[in-house]
Amino acid sequence: MAQDREQPIAVARAFALRWPGWLAWLSPGGWVIAAIAVGTTVVVVGGGSARPSGEVRMWTFAPPHARMYEPLLEQWASEPDGRRVDLEVLSLPALERRMLGGFLSGVPVADLIEAERRVASRAFAGPLDAVGFLDLTDRLREDGLLDAINPASFSPWTFRGRIFGLPHDVHPVMLCYRADLVEAAGIDVSTIETWDDFARVMRPLMADGDGDGEPDRYLIAFWTTFPDQLEALILQAGDGFFDEEDHLRIATPTNARVVASLAGWIAGPGRIAADVPEFNAAGNKQKIDGYVVAAIMPDWLSNIWRQQMPELAGKLKLMPLPAWEPGGRRTSVWGGTMLGIPRTAEDPDRLWELAKRLYLSPELSRALYEEGDIVTPVKANWSDPIYDRPDPYFSGQAKGRMYLDLAPQVPRRTSSPFNTMAMQRVQDALVGLVELLRDRPGTDRATLESRAMDLLRVAEADVRSRMDRNVFARGETP
Amino acid sequence: MSGRRGRRWVHLLTYAVLAPAAVVTLVPFAWLLTSAFKAPQEFFGSMFLPRGDGFLGVAWDRLTTGNLTRLFRELSIGRAMLNSLFLSSVTSVLATLCCAAGGYALAMYRFRGRRVLTWVVLGALIVPPPLLLAPGYQVLYRLGLLDTYSGLILPAMAPAFGVFLFRQASLQSVPPQLLEAGRLDGCSEAGLFGRIALPLLRPMTGAFLLITFLGVWNNFIGPQIVLQSPEKQPLAVAIAQLKGVYYEDYGLLMAGTLVSIAPVAGLFLLLQKDFVSGLTLGAVK
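Residues numbered from 1 in each chain as written. Chains lettered and ligands numbered in written order. Predicted model: local features only at pLDDT ≥ 70, side-chain atom pairs only at ≥ 80, totals over all residues. Heavy atoms only, no water.

## Let's talk about the overall build of chain B
Within chain B one finds 13 helices and 0 strands. When the helices and strands of chain B are placed in sequence order, the string is α-α-α-α-α-α-α-α-α-α-α-α-α. For 285 residues, the compact-globule estimate of 2.2 N^0.38 gives 19 Å, and chain B exceeds it by more than 25% at 24 Å. The principal-axis extents of the C-alpha atoms in chain B amount to approximately 80 × 70 × 30 Å. Burial status across chain B gives 41% buried among its 285 residues. (Helix = DSSP H or I, 4+ residues; strand = E, 2+ residues; numbered from the N terminus. Rg over C-alpha atoms; globule rule 2.2 N^0.38 Å. Buried < 20%, exposed > 50% of the residue type's maximum accessible area, 1.4 Å probe, protein only.)

## Here's the deal with the packing of helix H10 (residues 227-237) of chain A against helix H17 (residues 419-439) of chain A
All names here are of chain A. Remark: H10 packs on H17, axes separated minimally by 10 Å, with the N-to-C direction vectors making an angle of 95°. In terms of orientation, H10 and H17 fall into the roughly perpendicular class. Residue-level contacts link Pro-227, Asp-228, Leu-230, Glu-231 and Ile-234 of H10 to Asn-419, Met-423, Val-426, Gln-427 and Leu-430 of H17. In terms of residue class, the contact of H10 with H17 is built from 6 nonpolar, 2 polar and 2 charged. (Axes fitted to C-alpha atoms, helices over the stretch in contact; angles between N-to-C directions. Parallel < 35°, antiparallel > 145°, perpendicular 65-115°, else oblique. Contact = heavy atoms within 4.5 Å. Nonpolar A, V, L, I, M, F, W, Y, C, P; charged D, E, K, R; others polar.)

## Observations concerning unusual backbone geometry
Excluding glycine, residues mostly have negative phi values, and the peptide bonds linking residues are mostly trans. The backbone phi angle of Arg-160 of chain A is positive, close to 50°, even though this residue is not glycine. Mapped onto the secondary structure, Arg-160 of chain A falls in the loop between strand S4 (158-159) and strand S5 (162-163).

## Quick look at the sheet that holds strand S7 (residues 173-178) of chain A
In any sheet, the strands associate via hydrogen bonds between backbone groups, in a parallel or an antiparallel arrangement. All names here are of chain A. Ordered by their spatial adjacency, 5 strands build an open sheet running S9-S8-S10-S7-S11, and the pairing between neighbours is mixed. Bordering the open sheet on either side are strand S9 (273-274) and strand S11 (316-320), each of which pairs with just one other strand. Direction of pairing for S7 relative to S11: antiparallel, over a ladder of 5 bridges. By the bridge assignment, Cys-176 is partnered in S11 with Leu-318. Those strands touched by helix H16 (residues 399-406) are S7, strand S10 (292-298) and S11, and its axis lies near 140° from that of S7. (Pairing = 2+ DSSP bridges.)

## Considering the packing of aromatic side chains
Residue and element names in this part refer to chain A. Summed over the entire model, instances satisfying the criterion amount to 21 aromatic pairs over all chains. With centroids separated by 6.4 Å and ring planes inclined at 35°, the aromatic side chains of Tyr-69 and Tyr-359 adopt a geometry described as tilted. Residue Tyr-69 is located in helix H3 (residues 63-78), and its partner Tyr-359 is located in helix H14 (residues 348-360); the two are separated by 290 residues in the primary sequence. No difference in accessibility class separates Tyr-69 from Tyr-359, as the two residues are buried. Geometrically, the ring pair formed by Tyr-369 and Tyr-387 is edge-to-face, given 5.0 Å between the ring centres and 65° between the ring planes. In this pair, Tyr-369 is assigned in helix H15 (residues 362-372) and Tyr-387 in the loop between H15 and H16, connecting sequence segments 18 residues apart. Owing to a relative accessible area of 7%, Tyr-369 belongs among the buried residues under this scheme. Directly above the aromatic system of Tyr-218 lies the positively charged group of Arg-271, at a separation of 4.0 Å from the ring centroid. (Phe/Tyr/Trp six-rings, centres within 6.5 Å; stacked < 30°, edge-to-face > 60°. Lys NZ or Arg CZ within 6 Å of the ring centre and 35° of its normal.)

## Points about the packing of helix H9 (residues 189-200) of chain B against helix H10 (residues 202-218) of chain B
Residues and elements named next belong to chain B. Look at H9 against H10: their axes get within 5 Å of each other, and the N-to-C directions meet at 70°. It follows that H9 is roughly perpendicular to H10 by the angle criterion. Here Leu-198, Pro-199 and Leu-200 of H9 lie close against H10, whose contacting residues are Arg-202, Pro-203 and Thr-205. Classifying every residue of the contact of H9 with H10 gives 4 nonpolar, 1 polar and 1 charged.

## What to know about the nonpolar core
Ranked by internal contacts, the top residues of the largest apolar core, which has 183 residues, are Phe-198, Met-202, Ile-220, Phe-222 and Trp-305 of chain A. At 11 residues, the largest contribution of residues to this core is made by helix H13 (residues 250-279) of chain B. Both of domain 1 (2-170 + 335-404) and domain 2 (173-334 + 411-467) of chain A provide at least three residues apiece to this core. The contacts of Trp-305 of chain A, once residues within four sequence positions are left out, are Cys-176, Glu-278, Lys-287, Ala-295, Met-297, Pro-310, Leu-312, Leu-316 and Tyr-393 of chain A. Ranked by size, the runner-up nonpolar core spans 24 residues in total, among them Val-109, Ala-110, Phe-124 and Met-338 of chain A. (Core = buried A, V, L, I, M, F, W, Y, C linked by side-chain atoms within 4.5 Å. Domains from an automatic or database assignment.)

## Digging into the interface of chain A and chain B
Each partner contributes residues to the interface: chain A has 49 residues there, and chain B has 45 residues. At the boundary of chain A with chain B, total buried surface from both sides reaches about 4200 Å², with 63% on carbon and sulfur atoms. It is Trp-25, Ile-33 and Arg-98 of chain A in chain A that bury the most area against chain B; as a group they hold 16% of the surface buried on that side. Counting across the interface, chain A meets chain B through 0 salt bridges. The tally of links between chain A and chain B comes to 4 residue pairs in polar contact (both at pLDDT 80 or more). Where the side of chain A that touches chain B is concerned, the elements lending two or more residues are helix H1 (2-23), helix H2 (28-47), strand S1 (56-60), strand S2 (85-89), helix H4 (92-105), helix H12 (281-288) and helix H13 (299-308) of chain A. The biggest single contributor to the side of chain A that touches chain B is H2 of chain A, with 11 residues. (Buried area = accessible area lost by both parts, 1.4 Å probe. Salt bridge = Lys/Arg side-chain N within 4 Å of Asp/Glu carboxyl O. Polar contact = N/O pair within 3.5 Å; in protein donor to acceptor, adjacent residues only side chain to side chain.)

## A closer look at the sheet that holds S1 of chain A
Residues and elements named next belong to chain A. Taken together, the 5 strands give an open sheet; going across it, the order is S2-S1-S3-S12-S6, and neighbouring strands pair in mixed fashion. Strands at the two margins of the open sheet, each flanked by one partner only, are S2 and strand S6 (166-167). As defined by bridge partners, S1 adjoins S2 across 5 bridges and the pair is classed as parallel. When the bridges of S2 are listed, Val-56 appears paired with Val-85. Together, S1, S2 and strand S3 (112-116) form the strand contacts of H4, whose direction differs from that of S3 by roughly 125°.

## Focus on the domain arrangement of chain A
Residues and elements named next belong to chain A. According to the domain assignment, chain A consists of domain 1 (2-170 + 335-404) and domain 2 (173-334 + 411-467). Just the C-alpha atoms count here: the centres of domain 1 and domain 2 sit 33 Å apart. Buried surface at the junction of domain 1 and domain 2, both sides included, amounts to about 2600 Å², of which 49% is carbon and sulfur. Area buried by domain 1 at its contact with domain 2 is led by Arg-117, Tyr-393 and Tyr-403, which between them contribute 29% of it. Between the two partners, domain 1 and domain 2, sit 4 salt bridges. The partner of Arg-117 in a salt bridge is Glu-231, with the nearest N and O atoms 3.0 Å apart.

## Comments concerning the pairing of S1 of chain A
All names here are of chain A. In terms of burial, S1 is a largely internal element, 5 of the 5 residues being buried. Of the two faces of S1, both are covered, the one formed by Val-56, Met-58 and Thr-60 as well as the one formed by Arg-57 and Trp-59. In this view, the connection linking S1 to its parallel neighbour S2 by way of H3 has right-handed handedness. (Right-handed = clockwise from strand over helix to strand, strands pointing away.)

## Considering the pairing of S7 of chain A
Residues and elements named next belong to chain A. With 6 of 6 residues buried, S7 lies mostly within the body of the structure. Alignment of S7 against S10, held across 5 bridges, turns out to be antiparallel. Paired with Cys-176 across the bridge in S10 is Ala-295.

This is the structure:
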């Protein structure tokens, strides 16, 4: 009996002797972390995985797109031969890495990938038969979609004559201006046809009201650090960085003229541009304060302004971009998205049907405009009256119709994976010209264009040398 | 008396310099805090709190908890927080144990290949982690560990930095005579590690635990590449997802940032003594 009583005491004593030893391993804070580890392990492991198997996986980078697709995907899943689609929203860098990881090393990727232009072009760095996306050219032709979709929308996904993506958008570009300021100054924008007209007609808005020797505002948001706007303006002029066969073509007289003009906007005696960036708080504040009169605006950007700067509602209007020369193109293009089917996807026929339903349906075109202010590339859907609806944010203009009217003029974009590099090198050339103008403000136009041509030749040689390192891209350089 | 007065002046001077510096340091946090409670239309209207007719000239009624509500209700940030807590705590506990054991073995045992192993550990320190991303991804794929928590935890269990840190700490803090005495008393080798070495390494253990916890908590690239399912993503990735390609909901982003730093700030306050004592271990002979 006494032995029975002593045994637990011995156990307790042994435990008590050991306990401080265990306790000494970690500080109290350390034990808190250990307790968190145990607690979260129980919850996470006990929770199991919510992922059902045997489903179609789709990746997108845009949460608004995901919200638009969900009803259509649910409807597709409920059909007799439909399957549940697992739609994942990834950040753009994550999507790019996973997509390339899959294409280059064979790890699994989604069955449908919605990719932005710069990401998709990364898939076009090798030979034609190594492109990770399925060639959709024949399917598009058989379904009559080559004529049904705005032709320029195919160009970013066209590699050596083959099309690898279904276009999501057109992304025409207009000029957005502060109608309240412009109209208060009695300026008639209908007299503006070219960028020179724009600078001349709008000049009174750059008055120095506070007498500090600097204009109170500038005419346009543009700077050397805005590569997207730079590309849009160069594409508007007609040449771009690559020709229709994706041959490198940076140093052209047209490009030199545009870059020289842009340098003049920033640092010339008639400076009209200011460093008012998109997508950040400082730039938004400057726009709200009226520090710039106008900005280059693709359809999707109008949605961002609406959301981020509600203060500007009713104060803005849109107009076609002023042309680089009389009778020239009044729009450009900025951005672009496609839906592609990886080669490794099972049942591509079924996925193609789903892709068409997502991108071509009138419901989605409508949602795309209602939710994202993006006009569809599907010509049959352009007659939807939603595009004629007055937009109070843009002072009651029928913004959708204005963008659609410009859609046929949208320039083609290259699919070259070297486009970003070309853009950066042209940006360097612009910086060089701006420095020249700051050092020698009296530089005449002809000298400036000649210097621009020299700098563009340097840029072209640099990009060409990089392209030549890629055995598959060597054939692209003449 | 004059000495005490002199010290008081030194203190005053110190505080006079440090207080403005502290205020400047805290300004971004104040901005973060106030921004998290602002609606999108208020965001650019004022630097901190919206101006109005309320107490202290602030429009208190225009502040909103909508951003936090959206985070937890619509965007499942709670699950991301659980994932972060799980990954950070489990990785830091396992890494601390493995590094302590590895460092202790390298410091206290004489075995064939010890010098080579130490050089390998030292050599691994100079390999930039981003360089290992691509081969690591391939290895995880071949092991079937992509999109699993193990794919993140296993590679982080014995970092070279930690092993070397504990090797140095063991050399400084664990007297070989003590281990010898333990052996003479019949203690096993595992017992020597658990009962003698680990308690002596406790300051370093606390510091390393916190360093690893913070490192894993803030790790963005690793989870972004390894974990593909949204329900497995930690806070760092979930918060980054709030940032659109071209559009940013600043209030939501600030609320997310606030949520992501609050737990770790609390933990740091809890462990700061360990952290400081671990960092100063061996600083004074």
